[in-house]
Amino acid sequence: MTDLQSFDSQMQKDGYWLGGSGYGYGYPMMRSGMGYGYGTGLTGQDAGAATGAGYQNARPGYDTRTLIAAASILARGGQQQSCEDVLAAARASYKIYASDMKNGNSAVADLPGWRQQQLSAAKPVTDQTSSFRSDQLLGTEVRTPQDEALGSVDDIVMSPQTGKIAYLVIARGGLFGFDKSYVPVPWADFKVTPASTLLVLDTTKAVMKAAPMVSQDKFAVPGQFDQESQKVDAYWKAK
């Protein structure tokens, strides 16, 4: 686990991986925004850099994150040698990924001023004229306007009455996907940055910590959506 934590810290320091291993899947940071490799709308030199790095058909860094998760499972199960083997594969995969980002002249995530510029330009999701795909939202990091990390999107909850997005479930804390807490937040409370790179929530870590929580993959027990919804709405309306 110490080796895993060290690797995670190195990824955050490098800046090629948004929020370390805990959030997102890694990405090529193009001048026009963050791309997942497909459906990004990139053109010209930006599109050439993404395609040249081999990311036109899959989320960048997905294999690295999957290997990290596997190594974490093995570590927690006491299978040290297997964990070390998988972690070595994760490091090798990440090395190739980071090299591709560097050779493609892609900017690092923590370039001074870049993220704050994105946060300042965020607009309410309810004002957007285009639709959101699930793969745009799941795994997306959530930050405050002051650039504090709040977690990442773990799930999307649809209203059974309207069929529209009602809540995003934010995964908080934990390490490599374990021991996290899950906080549902009303969809209308979010803002989104240009190109949907980040979601912005005007709150604090203390408010998130005290918020109603739900189980992973379950917003409410069957037949009690309205009761859970009322509790969640009441909390966030008071904040």
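All values reported here derive from a predicted model rather than from experimental measurement.

Draft legend 1. Inspection of the pattern of salt bridges at higher detail. Summed over all chains, the structure comprises three salt bridges. Ionic pairing is found between Glu-141 and Arg-143, a salt bridge with its closest N-O pair at 2.5 Å. Across the pair, Arg-143 and Glu-141 agree in class, each one buried. For the salt bridge of Asp-147 with Arg-143, the shortest nitrogen-to-oxygen distance reads 2.6 Å. For Asp-147, a relative accessible area of 22% puts it in the partly exposed group.

Draft legend 2. Quick look at the packing of aromatic side chains. In this structure the tally under the stated criterion is six aromatic pairs. Judged by centre distance (5.3 Å) and plane angle (85°), the rings of Phe-132 and Trp-187 are edge-to-face. Of the two residues, Phe-132 is situated in the loop between β3 (123-124) and α6 (134-137) and Trp-187 in the loop between β7 (181-186) and β8 (190-192); the sequence distance between them amounts to 55 residues. Aromatic pair Phe-219 and Phe-225: ring centres 5.2 Å apart, planes at 45°, arrangement tilted. Considered together, Phe-219 and Phe-225 belong to a single accessibility category, that of buried residues. An aromatic cluster of three or more residues is present, and its members are Tyr-167, Phe-219 and Phe-225. In this structure, Arg-91 is placed above the aromatic ring of Phe-7, and the distance from its NZ or CZ to the ring centre is 5.9 Å.

Draft legend 3. Focus on the pairing of strand β5 (residues 149-158). Pairing analysis gives three bridges linking strand β4 (residues 141-143) to β5, with the strands arranged antiparallel. The partner of Glu-141 across the bridge, within β5, is Ser-152. The turn joining β4 and β5, which pair antiparallel and follow one another in sequence, is formed by five residues; a positive phi near 75° is taken by Asp-147. Note that β5 and strand β6 (residues 165-172) share six bridges and pair antiparallel.

Draft legend 4. Quick look at the nonpolar core. One finds Leu-168, Phe-190, Leu-199 and Trp-236 to be the most contacted residues of the largest nonpolar core, which totals 30 residues. Looking at this core, the elements with two or more residues in it are β5, β6, β7, β8, β9 (199-201), α7 (205-210) and α8 (225-237). For this core, the leading source of residues is β6, giving six residues. When near neighbours in sequence (up to four residues on either side) are disregarded, Trp-236 contacts Val-183, Pro-184, Val-185, Pro-186, Asp-189, Leu-201, Thr-203, Val-207, Met-208 and Ala-211. Grouped together as the second largest cluster of nonpolar side chains are 14 residues, Ala-71, Leu-74, Val-86 and Met-101 included.

Here is what the cut-offs are and how they apply
Residues numbered from 1 in each chain as written. Predicted model: local features only at pLDDT ≥ 70, side-chain atom pairs only at ≥ 80, totals over all residues. Heavy atoms only, no water. Salt bridge = Lys/Arg side-chain N within 4 Å of Asp/Glu carboxyl O. Buried < 20%, exposed > 50% of the residue type's maximum accessible area, 1.4 Å probe, protein only. Phe/Tyr/Trp six-rings, centres within 6.5 Å; stacked < 30°, edge-to-face > 60°. Helix = DSSP H or I, 4+ residues; strand = E, 2+ residues; numbered from the N terminus. Lys NZ or Arg CZ within 6 Å of the ring centre and 35° of its normal. Pairing = 2+ DSSP bridges. Core = buried A, V, L, I, M, F, W, Y, C linked by side-chain atoms within 4.5 Å. Contact = heavy atoms within 4.5 Å.

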